Amino acid sequence: PFFVNRGGLPVDEPTWERMWRHVGRIHPEGDRVAQRIRGAADLPKIPIPSVPVFQPSTPIPERLEAVQRYIRELQYNHTGTQFFEIKKSRPLTGLMDLAKEMTKEALPIKCLEAVILGIYLTNNMTTLDRFPISFKTHFSGNYFRHIVLGVNFGGRYGALGISRREELMYKAPVFRTLSELIFDFEEAYRRCWHTLKKVKLGHCVSHDPHSVEQIEWKHSILDLDKLTREDFRKELERHARDMRLKIGKGTGPPSPTKDRKKDVSSPQRGQASPHRRNSRGDRRPSGEKKSADSKAMPDLNGYQIRV
């Protein structure tokens, strides 16, 4: 059966009940089949993929390959039943709890689940930037949607994920620009006879697994029917620049480590720091972005205080 529990590990009752109900709907003797499977004692044990563990000296590219290999070993979920309910509006800490559950149950997953799992497994790679990339394509009169986790390490772009198609999931971080990465996906879709219609790009995801922030899934929405090729490329590079500026300005919630560093800093540095903050603000590209960032700072600091 397609949903045999891997290695006999217990799976929470709601997940199993969804499976049995699905069997009952699509199989002529679904209830009887489900009961026979549940009572079987001689089912073969399915190998459980091991969550990758890294040495501090392991290079980031090798870690990404190991994470992708683990995601691939879970296999793509072809059953038609989604085993994990993912609400994009949940805070990051809740999604990380769900990712931990995925590693325990080791069930097949789909693309959105792979993105959440990719974030969870790369949280300790603090030099790696992660952001969601969503695609909308058209084929044979129907629209299809897919999502991967974009990554940026050392100025090179790549992606983690899972798909029915090998060329629509993992991309090693070798692309010099974000536009090169997206164009590579577009070419892969073209080889599958799909026409790329829209690309949605999110902002970088926090590395704090306990963050109450929500993932920003669609900061930039690019409609290819309304953009020339050159405009599409410029919008992609503009989004990449926005992500770099956001990281450079530190608009994310400050970590406790950073707060402690401020507390123990010398009096001279403490007195000068407000002036440096003001000067950085003066160098922002536009007044509109400056006001948006300044409004976001108190809210995010508030989140940190509540945590």
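As the structure is a computational prediction, the values presented were derived from the model and not from experiment.

### Things to note about the layout of surface pockets
Part 1: The computed volume of the second largest pocket comes to approximately 370 Å³.
Part 2: What lines the second largest pocket is a set of 14 residues, among which F144, R145, S163, R164 and H194 lie closest to the centre.
Part 3: Counting residues per element, the lining of the second largest pocket draws most heavily on strand 2 (residues 142–153), which supplies three residues.
Part 4: A breakdown of the residues in the lining of the second largest pocket according to their chemical character gives six nonpolar, four polar and four charged.

### A few points about the nonpolar core
Part 1: In terms of nonpolar packing, the biggest core is built from 41 residues, with I109, I116, L117, I119 and I215 touching the most fellow members.
Part 2: When contributions to this core are tallied by element, the ones reaching two or more residues are helix 3 (60–74), helix 4 (92–105), helix 5 (111–121) and strand 2.
Part 3: Here the element with the most residues in this core is helix 5; it accounts for eight residues.
Part 4: Apart from residues no more than four positions distant in its own chain, I215 is found in contact with L92, L95, I116, I119, P132 and V205.

### Concerning the packing of aromatic side chains
Two aromatic rings are characterised by how far apart their centres lie and by the angle between their planes.
Part 1: According to the stated counting rule, one finds four aromatic pairs in the structure shown.
Part 2: For the ring pair F131 and Y157, a centre distance of 6.3 Å and an interplane angle of 80° mean the geometry is edge-to-face. Taken as a pair, F131 in strand 1 (residues 129–139) and Y157 in strand 3 (residues 156–160) lie far apart in primary sequence, 26 residues in all.
Part 3: For the cation-ring pair, R229 lies above F183, with the distance from its terminal atom to the ring centre recorded as 4.2 Å.

### Quick word on the UniProt feature "active site" (unreviewed entry) in the protein chain
Part 1: Per the UniProt record, "active site" (unreviewed entry) is found at C111, H146 and S163. Judged by maximum C-alpha separation, these annotated positions cover 53 residues in sequence but sit close together in space, the widest gap being only 8.1 Å. From this annotated list, the subset lining the second largest pocket comprises C111, H146 and S163.
Part 2: On the basis of relative accessible area, C111 is assigned to the buried category, the value being 15%.
Part 3: Here H146 is to be found in strand 2.

Reading guide: rules and limits
Residues numbered from 1 in each chain as written. Predicted model: local features only at pLDDT ≥ 70, side-chain atom pairs only at ≥ 80, totals over all residues. Heavy atoms only, no water. 1 Å grid on protein atoms, 1.4 Å probe; cavity = no way out; pocket = protein on both sides within 12 Å on 5 of 7 lines; lining within 4 Å. Points joined across faces, edges and corners; volume = space filled by probe spheres on them. Helix = DSSP H or I, 4+ residues; strand = E, 2+ residues; numbered from the N terminus. Nonpolar A, V, L, I, M, F, W, Y, C, P; charged D, E, K, R; others polar. Core = buried A, V, L, I, M, F, W, Y, C linked by side-chain atoms within 4.5 Å. Buried < 20%, exposed > 50% of the residue type's maximum accessible area, 1.4 Å probe, protein only. Contact = heavy atoms within 4.5 Å. Phe/Tyr/Trp six-rings, centres within 6.5 Å; stacked < 30°, edge-to-face > 60°. Lys NZ or Arg CZ within 6 Å of the ring centre and 35° of its normal. UniProt positions renumbered as here; feature names shortened; annotations may be inferred.

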